[in-house]
Amino acid sequence: MKYILMMQFPLASWRTQRLDLWPKQDQKAHLEFLKRFNQELVAAGEFVRTEGLGGPEQMKIVRASKSAAPAITDGPFPESKEVLAGYWVIDVETPQRAYELAARASAAPGRGGEPLDMPIEVHPVMFSKACGDV
Amino acid sequence: MTAPPTKADEHLLRELAPQVLGAIVRRYGNFAAAEDAVQEALLAAAMQWPDEGVPDNPRAWLIQVAARRMTDQLRSEIARRRRETEAHRQEPPDADLAPPPEDAELAEHDDTLLLLFMCCHPVLTPASAIALTLRAVGGLTTAEIANAYLVPEATMAQRISRAKQKIKDSGVPFAMPTEQESEERLVSVLHVLYLIFNEGYASSIGEELQRSDLVTEALRLARAVHGLLPDDGEVAGLLALMLLTDARCAARTGADGELIPLVKQERSLWDRALIDEGVALISATLSRGSIGAYQLQAAIAAVHDEALRVEDTDWPQILALYGLLERMSDNPMVTLNRAVAVAMVHGPRAGLELLATLAGDPRLRDHYRLAAVRAHMHEMAGDADAAVADYLAAARRTASVPERDYLSTQAARLAATRR
């Protein structure tokens, strides 16, 4: 069963708390955690893919319109509390295993090595398409 | 330039894969290493045979190549151990260096069965057992299996090697289990084949051709097991169930990939040859007085498939078969299906009464199928409001896009007739 784990970084603290503003050794500890986490997923036969995304300053919201050209505005939505920082797609035996992995990702080390405890959204993947079948 | 392997070569290789692996495991005992060696032999054959022609005895050719690979591996392993334990002067066992000549009497049939028993061993999780079965018995490459399950090849390779490690650790011998154990193992084998078939069938909506390969593979393996155990009723039942289900494949989805339920399918699109084969198989099996869950499911599928028009469906017989199935299994889904038959035979009110008994079952309470079936019965009973509410509830709960679209469409259609 495939799941997507979405890393939700708190938007309010993005300007002051995002990764590239951390002390070098904290950044290193975080990236090493991610590397180990990914290697473990591969070794367990559960890894499908992972991607890190550009921050809110690079994000746009595009909306088509019947009467005008598509509107492209700076994102995220003002009411958003979080920004999607990255995601994993995993293939696991049970939903419990997906939650367990999400909990570990949530506790990834942040500034000063303290766990980030950031919310991880877990969704089941309803269908997948590879290049060959579109 | 090497010519690509022909379909015939590929078919032959897949057929021979478990036999060759069986012979190598029997000779050397190391399942994990043997599996790697056989994959290399299969690869060598796929490269060489198109140019050089298929050897006179392809099985012996493959065994020889795989055995040579095994011997090379063992030699280097022994050399390594020698270097490490120079002081001990440990002698390698003779058998490692001088394998006995291939015993022509080896029952290849038993080997395939032994491999299936090994690959579907209960110590493995279903996902691992599936991966290992497709590779070791099905002769698929890791890349092909990864492709079918839409995961990276490295992930699938890990899953397979972990499965092999687990078998090694558990010390499962490559030998025929006791009669009682055999029966339990066969249950696991059939379950794994059933899961492979379902994965392919349930998701081969529209154009997803890779997934339908899983259906083909499950059918091929079920045929092989039936060939090995022709007198086993449940093996025959599972094969018949697959044939009778796959027969409806072309009618199951519409032009836009939308799901078409059984009662609305264009029955002329059903594959008559598969139906005839499935019906003959299940009839012959049941006439021997044998009974089991797969056989009953196949019998139900046969009754559906034999009705040329939906109104010709023999619902009383389907109801009786579900009654038997319900007694054999503690599965609320069976009761749900029986409720459909009850509604068809005794009317929607009777069906709804039976459904009410399921509403408290935690395994089914939140399942979309319960709401979907209830919606249909409310509609049959002329209660459009209740039907719309249940169709929408079902649409919210399903994890399948085609199912969700179908259920939302039903709700919209009914809501429109009320205005």
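Each value, and the rule that gives it
Note that residues are indexed from 1 along each chain, following the sequence as it is written. Key to labels: chains lettered from A, ligands numbered from 1, both in the order written. Two thresholds apply to this predicted model, a pLDDT of at least 70 for residue-level local features and 80 or more for giving and counting side-chain atom pairs, whereas whole-chain, interface and lining totals are computed over all residues. Counting from the N terminus, the helices are DSSP H or I runs at least four residues long and the strands are E runs at least two residues long. Neighbour counting defines burial: a residue surrounded by 20 or more other C-beta atoms within 10 Å of its own C-beta is buried, one with 12 or fewer is exposed, and intermediate counts give partly exposed, using backbone-placed C-beta atoms. By the convention adopted here, residues make contact when the C-beta atoms placed from their backbones lie within 7 Å. Paired strands, in this sense, are two strands between which DSSP finds at least two bridges. Expected span, for any helix, means 1.5 Å times one less than how many residues it has. Angles run from 0 to 180 degrees between N-to-C directions of axes, and those axes are lines fitted to C-alpha atoms, restricted for helices to the stretch in contact. For this entry, the nonpolar core is defined as buried Ala, Val, Leu, Ile, Met, Phe, Trp, Tyr and Cys residues connected by C-beta atoms within 7 Å. Reported orientations rely on four angle classes, namely roughly parallel under 35 degrees, roughly antiparallel over 145, roughly perpendicular from 65 to 115, and oblique for the rest. With the far helix as reference, a near helix turned anticlockwise by less than a right angle produces a left-handed crossing, and one turned clockwise produces a right-handed crossing. Any residue that is not Ala, Val, Leu, Ile, Met, Phe, Trp, Tyr, Cys, Pro, Asp, Glu, Lys or Arg is counted as polar, Gly included; the first ten are nonpolar and the last four charged. In predicted models, pLDDT denotes the confidence assigned by the predictor to each residue on a 0 to 100 scale.

1. Quick word on the overall build of chain B
Point 1. When its secondary structure is counted, chain B shows 19 helices and zero strands.
Point 2. When each of the 419 residues of chain B is scored for burial, the buried share is 40%.
Point 3. Taking the contacts inside chain B whose residues are at least 6 apart along the sequence as the reference set, 61% of them involve residues at least 24 apart.

2. Looking at the overall build of chain A
Point 1. On a plain count of helices and strands, chain A comes out with three helices and six strands.
Point 2. Overall, chain A shows an N-to-C arrangement of helices and strands of β-α-α-β-β-β-β-α-β.
Point 3. Principal-axis analysis of the C-alpha atoms gives chain A an extent of 50 × 45 × 25 Å.

3. Some points on the pairing of strand S5 (residues 82-91) of chain A
All names here are of chain A.
Point 1. Relative to S5, strand S1 (residues 2-10) runs antiparallel, the two sharing nine bridges. Residue pairing for S5: leucine 5 is matched across the bridge by tryptophan 88.
Point 2. Direction of pairing for strand S2 (residues 47-52) relative to S5: antiparallel, over a ladder of five bridges. Its bridge partner being in S5, threonine 50 is matched across the sheet by tryptophan 88.

4. Focus: helix H17 (residues 368-380) of chain B
All names here are of chain B.
Point 1. The terminal C-alpha atoms of H17 lie 18 Å apart, and with 13 residues this matches the ideal 18 Å at 1.5 Å per residue to within 8%.
Point 2. Buried-residue contacts for H17 involve helix H15 (332-346), helix H16 (348-356), helix H18 (384-397) and helix H19 (401-418).
Point 3. Following H17 by one or two positions, glycine 382 has its phi on the positive side, about 85°.

5. Thoughts on the sheet that holds strand S6 (residues 120-124) of chain A
Residues and elements named next belong to chain A.
Point 1. As summarised here, the arrangement of the four strands in space is S2-S5-S1-S6, forming an open sheet in which the pairing is antiparallel. Only two strands of the sheet have a single partner each, and these edge strands are S2 and S6. Strand-to-strand twist of the sheet, defined as the mean angle between neighbouring strand axes without regard to direction, takes the value 20°.
Point 2. Taken strand by strand, helix H3 (residues 95-106) contacts S1, S5 and S6, and its axis lies near 155° from that of S6.

6. Focus on the nonpolar core
Point 1. Residues Ile90(A), Val20(B), Ile24(B), Val38(B), Ala66(B) and Leu193(B) are the most contacted members of the largest nonpolar core, which totals 129 residues.
Point 2. Setting aside anything within four residues of it in sequence, one finds Val20(B) in contact with Val38(B), Ala41(B), Arg59(B), Leu62(B), Ile63(B) and Ala66(B).

7. Looking at unusual backbone geometry
Point 1. For the bond running from Gly75(A) to Pro76(A), omega is -10°, close enough to zero to count as cis.
Point 2. Relative to the helices and strands, Pro76(A) is located in the loop between strand S4 (71-74) and S5.
Point 3. In this structure, Leu150(B) is a non-glycine residue whose phi angle is positive, near 50°.
Point 4. Along the polypeptide, Leu150(B) turns up in the loop between helix H7 (142-148) and helix H8 (153-170).

8. Some remarks on helix H2 (residues 24-43) of chain A
Point 1. Along its 20 residues, H2(A) runs 28 Å from first to last C-alpha, staying within 8% of the 28 Å computed at 1.5 Å per residue.
Point 2. Just downstream of H2(A), Gly45(A) is the residue with a positive phi angle, here 70°.

9. Comments concerning the packing of helix H2 (residues 31-52) of chain B against helix H3 (residues 58-84) of chain B
Think of two packed helices as two axes; the pair is described by the angle between the axes and how far apart they sit.
All names here are of chain B.
Point 1. Close contact between H2 and H3 brings their axes to 8 Å; oriented N to C, the two are set at 130°. Relative to H3, the element H2 is oriented oblique. Seen along the crossing, H2 lies across H3 with a hand that is right-handed. Two secondary-structure elements touch here, H2 through Ala33, Ala34, Ala37, Val38, Glu40, Ala41, Ala44 and Ala45 and H3 through Leu62, Val65, Ala66, Arg69, Met70 and Gln73.
Point 2. Taken together, the residues of the contact of H2 with H3 break down into eleven nonpolar, one polar and two charged.

10. Considerations on the environment of Val340(B)
All names here are of chain B.
Point 1. Along the chain, valine 340 falls in helix H15.
Point 2. Under the C-beta neighbour-count criterion, valine 340 is labelled buried, with 20 such atoms within 10 Å.
Point 3. When the C-alpha positions of valine 340 and isoleucine 318 are compared, they lie 9.8 Å apart, and in sequence the two are 22 residues distant.
Point 4. Each residue touching valine 340, except ones within four places of it in the same chain, is listed here: Gly351 and Val373.

11. A look at the packing of H18(B) against H19(B)
Residue and element names in this part refer to chain B.
Point 1. Viewed as axis vectors pointing N to C, H18 and H19 meet at an angle of 160°, and their least axial separation amounts to 8 Å. With respect to H19, the axis of H18 lies roughly antiparallel. Like other packed secondary-structure pairs, H18 and H19 cross with a definite hand, here left-handed. Taking contact as the criterion, the partners of Ala384, Ala387, Val388, Tyr391, Leu392, Ala394 and Ala395 in H18 are, on H19, Arg404, Leu407, Ser408, Gln410, Ala411, Leu414, Ala415, Thr417 and Arg418.
Point 2. Class assignment of the residues belonging to the contact of H18 with H19 gives a composition of eleven nonpolar, three polar and two charged.

12. What to know about the confidence of the model for chain B
Residue and element names in this part refer to chain B.
Point 1. Confidence in the prediction of chain B, expressed as mean pLDDT, is 86, and 90% of residues score 70 or more.
Point 2. pLDDT under 50 marks residues 87-106. Its contacts with residues more than four places away, or in other chains, come to 14 contacts.
Point 3. Here residues 204-210 is modelled with pLDDT under 50, and outside its nearest four sequence neighbours on either side it reaches 16 contacts, counting other chains as well.
Point 4. We note a pTM of 0.78 for the whole complex and an ipTM of 0.77 for its interfaces.

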